[in-house]
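Chain by chain, the residues:
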Amino acid sequence: MNILLVEDEPKIAGFVAAGLREQGFAVEHCADGLDGYARASSGHYDAIVLDIMLPGRDGLSILQGLRRAGVATPVILLTARNELGDRITGLSLGADDYLAKPFFVEELIARVQALHRRVSGEHHHTLTVGALRLDRLAREATWLGQSVDLTGREFNLIEYLMRSPGRVLTRTQILEHVWGYDFDPSTNVVDVCIQRIRKKMASIGAGEPAESPIESVRGVGYRFRQLP
C-alpha cells in the first residue's frame, strides 16, 4: 500500500512515516503544498495523509483541486485545529476522514487501514501483470500460480515496479518510495533486494525457471516487463 504524506512539520512527518513503514506501507513524504498537489494528482497512491496548514498551497485547496480533477484517492486530513467548521469543510470537499493533532500514530494507522478496506474492492486491491499477482490487502504474492514468500520490503518494491510496467525507475526513485531516504551512491540495498526477489521467483515452477519480469537497465535502474 502506497501512502503520500503531505506534512510540513518535520517531527510529525517523521513519526508518522516511521509508524506507517513499520506496518509495511510504502511512504512518500513532501512538505510543500504545491509539490503535494503535483504528486497527489498522479493517482499513484492508495491513500493520502494531508495536513491542512501547508506552505505553498493549503490542504483544503489541494483536496478541492484533486476532487475537481477526478482524483478519487482516499484522503485523511490532519490539522492542529479542531473547529467544527474546518471538519465540515474538509468532509464537504471530499475528505474521507479527519484527525486532529495531537494524535497517536496507531490511531492514524488504524484509520488508514480501515479506509482502505472500505473503499477497495477485489479488483482495486489486486494487482496483476503477466504471471505475477499481488493481493495488496492480504499482502500475498503469486507467481506462475504459486505463492511467493516475500518480506514487507520486497513486496513494496515489486508493487512499486508493477504499478508502472515498462517504465524505467531509477534507484533514487525506488529508494525514496520503498525505503524513504535520499539516494546514497554507495548503497546497494535496491540491487540486493531485487536479487532476493528474483531468486525466490526463479525457484518456482517445474523444469526451466521462468524469466524474471524485473529487468535491469544498466546505469539507470529497473523496470517491470510483462512476459507472455
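Look above for the structure.
Residues numbered from 1 in each chain as written. Predicted model: local features only at pLDDT ≥ 70, side-chain atom pairs only at ≥ 80, totals over all residues. Heavy atoms only, no water.

All chains considered together, the criterion is met by one aromatic pair. Considering the side-chain rings of phenylalanine 15 and phenylalanine 103, the 5.9 Å spacing of their centres and the 50° angle between planes classify their relative orientation as tilted. You can see phenylalanine 15 sitting in helix α1 (residues 10-22) and its partner phenylalanine 103 sitting in the loop between β5 (97-100) and α5 (105-119), a full 88 residues away along the chain. Residue classification places phenylalanine 103 among the buried residues on the basis of a relative accessible area of 11%. (Phe/Tyr/Trp six-rings, centres within 6.5 Å; stacked < 30°, edge-to-face > 60°. Helix = DSSP H or I, 4+ residues; strand = E, 2+ residues; numbered from the N terminus. Buried < 20%, exposed > 50% of the residue type's maximum accessible area, 1.4 Å probe, protein only.)

The parallel open sheet is built from five strands, whose spatial order is β2-β1-β3-β4-β5. Taken across any chain shown, the strands that pair with only one partner, and hence form the sheet edges, are β2 (26-30) and β5. In this sheet, adjacent strand axes meet at a mean angle of 20° when their direction is disregarded. Where strand β3 (residues 47-51) and strand β4 (residues 75-79) come together, four bridges link them in parallel fashion. (Pairing = 2+ DSSP bridges. Axes fitted to C-alpha atoms, helices over the stretch in contact; angles between N-to-C directions.)

A few words now on the layout of surface pockets. As a volume, the second largest pocket reaches approximately 210 Å³. Around the second largest pocket, the lining residues are Asn2, Glu28, Arg39, Ser42, His44, Tyr45, Tyr160, Arg163, Ser164, Arg167, Gln173 and His177. Class assignment for the residues of the lining of the second largest pocket results in two nonpolar, six polar and four charged. (1 Å grid on protein atoms, 1.4 Å probe; cavity = no way out; pocket = protein on both sides within 12 Å on 5 of 7 lines; lining within 4 Å. Points joined across faces, edges and corners; volume = space filled by probe spheres on them. Nonpolar A, V, L, I, M, F, W, Y, C, P; charged D, E, K, R; others polar.)

Here the focus is the nonpolar core. Of all hydrophobic cores here, the largest spans 28 residues; its most connected members are Leu157, Ile158, Leu161 and Ile174. Elements with a minimum of two residues in this core: β6 (126-129), β7 (132-135), β8 (140-143), α7 (152-162), α8 (171-179), α9 (189-202) and β12 (221-224). Broken down by element, the residue count for this core peaks at six residues, all from α7. Counting residues in each nonpolar core, the second largest holds 21 residues, with Met1, Ala47, Val49 and Leu108 among its members. (Core = buried A, V, L, I, M, F, W, Y, C linked by side-chain atoms within 4.5 Å.)

Below, the discussion takes up the sheet that holds β12. Strand order in the open sheet formed by three strands is β10-β12-β11, and the pairing between neighbours is antiparallel. Bordering the open sheet on either side are β10 (169-170) and β11 (214-217), each of which pairs with just one other strand. Contacting β10, β11 and β12, α7 runs over the sheet at an angle of about 70° to β12. (Contact = heavy atoms within 4.5 Å.)

This paragraph deals with unusual backbone geometry. Across residues other than glycine, the phi torsion is negative in most instances, and most of the peptide bonds are trans. Omega for the peptide link from lysine 101 to proline 102 comes to -5°, which places this bond in the cis form. As for its placement among the helices and strands, proline 102 is situated in the loop between β5 and α5. Of note, arginine 139 is a non-glycine position whose phi angle comes to about 60°, a positive value. Secondary-structure assignment places arginine 139 in the loop between β7 and β8. One non-glycine residue, leucine 144, lies in positive phi territory at about 55°. Looking at the element boundaries, leucine 144 is found in the loop between β8 and β9 (146-148).

Turning next to the pairing of strand β1 (residues 2-6). Most of β1 sits out of view: five of its five residues are buried. Neither face of β1 is open: one carries Asn2, Leu4 and Val6, the other Ile3 and Leu5, and all of them are buried. In terms of strand pairing, β1 meets β2 through five bridges, oriented parallel. Among the inter-strand pairings, valine 6 is bridged to a residue of β2, identified as cysteine 30. After leaving β1, the chain enters α1 and then returns to the sheet as β2, a path that is right-handed. Alignment of β1 against β3, held across four bridges, turns out to be parallel. When the sheet's bridge partners are listed, leucine 4 is paired in β3 with isoleucine 48. (Right-handed = clockwise from strand over helix to strand, strands pointing away.)

At their nearest, the axes of helix α2 (residues 33-40) and helix α3 (residues 59-68) sit 10 Å apart, and the two run at 20° to each other. Judged by the inter-axis angle, α2 sits roughly parallel to α3. Crossing geometry of α2 relative to α3 is assigned as right-handed. For the pair α2 and α3, contact is made by Gly33, Tyr37 and Ala40 and by Ile62, Gly65 and Leu66, respectively. (Parallel < 35°, antiparallel > 145°, perpendicular 65-115°, else oblique. Left-handed = near helix turned anticlockwise from the far one by under 90°.)

With that settled, consider the packing of α8 against α9. Taken N-terminus to C-terminus, the directions of α8 and α9 make an angle of 80°; their axes are 10 Å apart at the nearest point. Here α8 lies roughly perpendicular to α9, going by the angle between them. Seen from α8, the contacting residues are Arg171, Ile174, Leu175 and Trp179; seen from α9, they are Val189, Val190, Asp191 and Cys193. Looking at side-chain class alone, the contact of α8 with α9 contains six nonpolar, no polar and two charged residues.

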